[in-house]
Structure formats: C-alpha cells, structure tokens
Amino acid sequence: MTTDRRVLVHPDKESLAGSVAARFITKMIDILDEFEEANVVLTGGTMGEKVLEAIRTSPASHTIDWSRITFWWGDERFVARDDADRNELQARRALLDHVPVDESKVHAYPAAGEGVDLDEAARMYARELAEAAPEGKEYPRFNIMFLGVGPDGHIASLFPGHDEIRITDTSVVPVRNSPKPPPERLSLTLPVIQSADRIWMVLAGADKASAIGLALAGASVDEVPVAGAQGRKRTVFFVDQEAAAEVPAALIAPSY
Ligand SMILES: O=C1O[C@H](COP(=O)(O)O)[C@@H](O)[C@H](O)[C@H]1O
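Please read these numbers as outputs of a predicted model, since none were measured by experiment.

Q: Before we go on, may I ask you to explain the overall build of the protein in this structure?
A: When helices and strands are tallied, the protein shows six helices and ten strands. Projected onto the principal axes, the alpha-carbon positions of the protein cover approximately 50 × 45 × 35 Å. Buried residues in the protein amount to 45% of all 256 residues. Counting only contacts in the protein whose residues sit at least 6 apart along the sequence, the fraction spanning at least 24 positions is 77%.

Q: Where do I start with the packing of helix 2 (residues 46-57) against helix 3 (residues 87-94) in this structure?
A: To characterise two packed helices, one gives the angle between the axes of the helices and the distance between these axes. Two numbers describe how helix 2 lies on helix 3: the axes approach to 8 Å, and their chain directions differ by 25°. As far as their axial angle goes, helix 3 and helix 2 are roughly parallel. For the pair helix 2 and helix 3, the sense of crossing is right-handed. Residues Glu49, Leu52, Glu53 and Arg56 of helix 2 form the contact with helix 3, whose own contacting residues are Gln90, Ala91 and Ala94.

Q: Honestly, helix 3 in this entry has me stumped. Any pointers?
A: Side chains of residues three or four places apart in an α-helix project in the same direction, reflecting 3.6 residues per turn. In terms of burial, helix 3 is largely enclosed, as six of its eight residues are buried. For helix 3, every residue scored as buried is listed here: Asn87, Glu88, Leu89, Gln90, Ala91 and Ala94. Those residues of helix 3 hidden inside the fold are in contact with strand 2 (38-42), helix 2, strand 3 (69-73) and strand 4 (75-77).

Q: Explanation requested: the nonpolar core in the structure shown.
A: In summary, soluble globular proteins display a tendency toward joint burial of nonpolar side chains. Counting residues in each nonpolar core, the largest one holds 74 residues, and the members touching the most others are Val51 and Met201. Looking at which element gives the most residues to this core, the answer is helix 1 (residues 13-34), with seven residues.

Q: Looking at this model, I keep getting lost on the pairing of strand 7 (residues 185-188). Mind explaining?
A: The side chains of a regular strand alternate between both faces of the sheet. The alternating pattern of strand 7 places Arg185 and Ser187 and Leu186 and Leu188 on opposite faces, both of which are buried. The pairing of strand 4 with strand 7 spans three bridges and is classified as antiparallel. Paired with arginine 77 across the two strands is arginine 185, which belongs to strand 7. Note that strand 6 (residues 172-175) and strand 7 share four bridges and pair antiparallel. Each residue of the ladder has a partner; that of valine 175, found in strand 7, is arginine 185.

Q: It is not clear to me how the sheet that holds strand 10 (residues 252-253) should be interpreted in this structure. Could you clarify?
A: Sheets are built from strands paired through backbone hydrogen bonds, the pairs being either parallel or antiparallel. Spatially, 3-2-5-8-9-1-10 is the arrangement adopted by the seven strands of the open sheet, whose pairing is parallel. A strand with exactly one partner marks an edge of an open sheet, and here the two such strands are strand 3 and strand 10. Alignment of strand 8 (residues 198-203) against strand 9 (residues 234-240), held across six bridges, turns out to be parallel. Its bridge partner lying in strand 9, tryptophan 200 is registered against valine 236. Contacting strand 1 (5-10), strand 2, strand 5 (144-147), strand 8 and strand 9, helix 1 crosses the sheet at an angle of about 155° to strand 9.

Q: Please clarify how the UniProt feature "domain: Glucosamine/galactosamine-6-phosphate isomerase" (unreviewed entry) in the protein should be interpreted in this entry.
A: In the numbering used here, UniProt assigns the feature "domain: Glucosamine/galactosamine-6-phosphate isomerase" (unreviewed entry) to residues 11-235. Each end of residues 11-235 is marked by a C-alpha atom, and these two atoms are 20 Å apart; helix forms 31% of the span and strand 15%.

Q: It is not clear to me how helix 2 should be interpreted in this structure. Could you clarify?
A: In a regular helix each residue adds 1.5 Å, so twelve residues correspond to 16 Å; helix 2 covers 17 Å between its end C-alpha atoms and thus fits that length. Of the positions making up helix 2, those classed as buried are Met47, Gly48, Glu49, Lys50, Val51, Leu52, Ala54 and Ile55.

Q: So what exactly am I meant to see when it comes to the environment of glycine 213 here?
A: Its location among the elements puts glycine 213 in helix 6 (residues 209-216). Measuring from C-alpha to C-alpha, the distance between glycine 213 and glutamate 246 comes to 4.8 Å, with 33 residues separating the pair along the chain. The residues contacting glycine 213, other than those within four sequence positions of it, are Glu246 and Val247.

Rules of the game
Residues numbered from 1 in each chain as written. Predicted model: local features only at pLDDT ≥ 70, side-chain atom pairs only at ≥ 80, totals over all residues. Helix = DSSP H or I, 4+ residues; strand = E, 2+ residues; numbered from the N terminus. Buried ≥ 20, exposed ≤ 12 C-beta atoms within 10 Å, placed from the backbone. Contact = placed C-beta atoms within 7 Å. Axes fitted to C-alpha atoms, helices over the stretch in contact; angles between N-to-C directions. Parallel < 35°, antiparallel > 145°, perpendicular 65-115°, else oblique. Left-handed = near helix turned anticlockwise from the far one by under 90°. Core = buried A, V, L, I, M, F, W, Y, C linked by C-beta atoms within 7 Å. Pairing = 2+ DSSP bridges. UniProt positions renumbered as here; feature names shortened; annotations may be inferred. Expected span 1.5 Å × (residues − 1).

Spelled out as structure tokens, the structure:
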C-alpha cells in the first residue's frame with residue numbers, strides 16, 4: 001500500500017467524467033499490453049455512472065479489447081435485479097450493454113428475490129472472487145478499482161461507525177441498516193479494497209467536500225471510511241471544484 005494520494009481537480013462534473021474516461025481508456029490499453037487479462041471494479045453512485053457513460057461515448061472506447069476485462073462491483077444494493085437502484089443495472093445501461101464484454105466475465109452480486117438471502121449472497125460473491133483468484137489468494141488482483149464517496153465518507157457500502165468497516169476476515173460482507181437506502185447491501189471489505197493496484201475515487205459536489213477534506217486531514221477510518229481507501233500503487237481522488245473546497249492546496253496536483 002502506498003500512502004501517496006493525489007487529488008485531481010476539474011472545473012465541473014462533465015470535464016471530470018471526460019477526463020477519467022480518457023485516463024481509463026489509456027491505462028487499460030497499457031494494462032492489456034502488459035497482461036493477458038485485467039480486473040476492474042465498478043462503483044455505483046452519480047459520478048460512477050457518469051464516468052461509465054463518458055467511457056461509452058468516447059471515440060476511443062473501441063480501442064479497448066473489452067473481452068479481456070473481468071468486471072466486479074465494490075458494492076451492491078440488495079434489491080431486485082431490475083430495480084433502478086441496482087448498481088449493476090446502472091453500469092449495464094451506462095456502458096456494459098454497449099461494448100463487447102464477455103458476459104461470463106461480468107460478476108454482478110446476487111439480487112434480492114431470487115431465492116438467496118443476504119448472508120448467502122455475500123458468501124456466494126466471496127466464492128466467486130476466490131474462484132477467480134490466483135492460487136493461495138482469496139480474490140483477484142484488481143488493476144483498477146473505482147469508488148464513489150458518500151457525503152458521510154462512505155465507500156462501497158462501508159458506512160461510518162458501522163461494524164462492517166472493521167471486518168477483515170472475509171472478502172464480502174452483508175450490510176443491514178444502511179443509513180442510505182436501500183437498507184440491505186453487499187460490500188467488499190476494506191482489506192480487499194486496499195489490495196487494489198489503483199483506487200480511483202470519483203466524486204463531485206459541495207456535499208462531498210468535508211468527507212474528502214477530513215480523509216486527507218487524517219480522520220479515522222471508522223469515522224470517515226474513505227480515509228482508508230488506499231491502493232497498492234496509486235490512489236487518486238478525481239473531483240470537481242466544489243468537492244475540492246476543503247482539500248489542502250498542497251495536495252492538489254495539476255490536472256490536464
Ligand atoms: O450507495 C452508494 O453510494 C455511493 C456514492 O453515491 P453518490 O450518488 O453520492 O455518488 C456509491 O459509491 C456506492 O457504490 C453506492 O452503493
């Protein structure tokens with residue numbers, strides 16, 4: 001894990017989404033030059049969806065060999081598969097339904113109403129991760145993990161002050177009583193998040209400013225979960241100007 005965290009500030013949501021999309025396409029081409037297969041973790045949330053739309057509409061999106069990317073999600077709302085709240089549905093509509101992915105490599109969480117309860121759903125996703133992992137590991141090596149950040153500092157479905165943020169002995173947790181609806185969710189745990197090579201956080205809006213400010217000022221992970229989001233190689237906050245309002249100037253890298 002590296003402690004180096006960068007903050008790249010963009011004028012608005014549109015330029016932020018476009019810039020992350022361009023970086024994603026370039027980085028994926030590099031990764032797929034180096035490795036046969038890549039693992040990417042998607043996020044729900046407003047900016048997560050906007051970034052996927054920007055990747056889809058980029059004239060360069062066809063330069064990626066989509067069939068060599070395995071997709072995972074950092075978290076999921078435990079609702080019916082066709083519920084508009086579902087992160088999987090949002091990502092499919094924004095990107096996955098429009099590019100030639102290999103459907104066997106799209107690993108969505110189980111959905112509610114399909115005969116599996118929340119606890120079993122968490123165990124099933126943990127097994128899926130383990131089956132795709134290198135020998136002796138519990139989950140794949142994630143090349144890029146996208147994360148959204150809530151106004152309360154939550155990442156994936158790990159909320160401040162809730163037990164799940166402290167769980168380290170499993171890769172996937174069932175979440176009940178989420179402070180943000182819907183109440184039942186599934187989430188990767190913090191050790192899995194911290195195992196990613198690159199964590200790319202995408203967030204915009206004034207309501208996110210204090211979460212990112214506190215995280216970078218050294219708040220505890222228990223109080224502000226995003227403080228614990230650090231990848232092995234790179235950790236980048238892609239933000240708009242409003243979300244950057246409380247970031248110390250010294251931490252802001254030029255973005256172009
Ligand atoms: O519920 C969730 O919220 C966060 C952030 O969402 P936003 O709309 O405030 O950007 C997201 O990261 C997470 O994946 C999702 O399940």
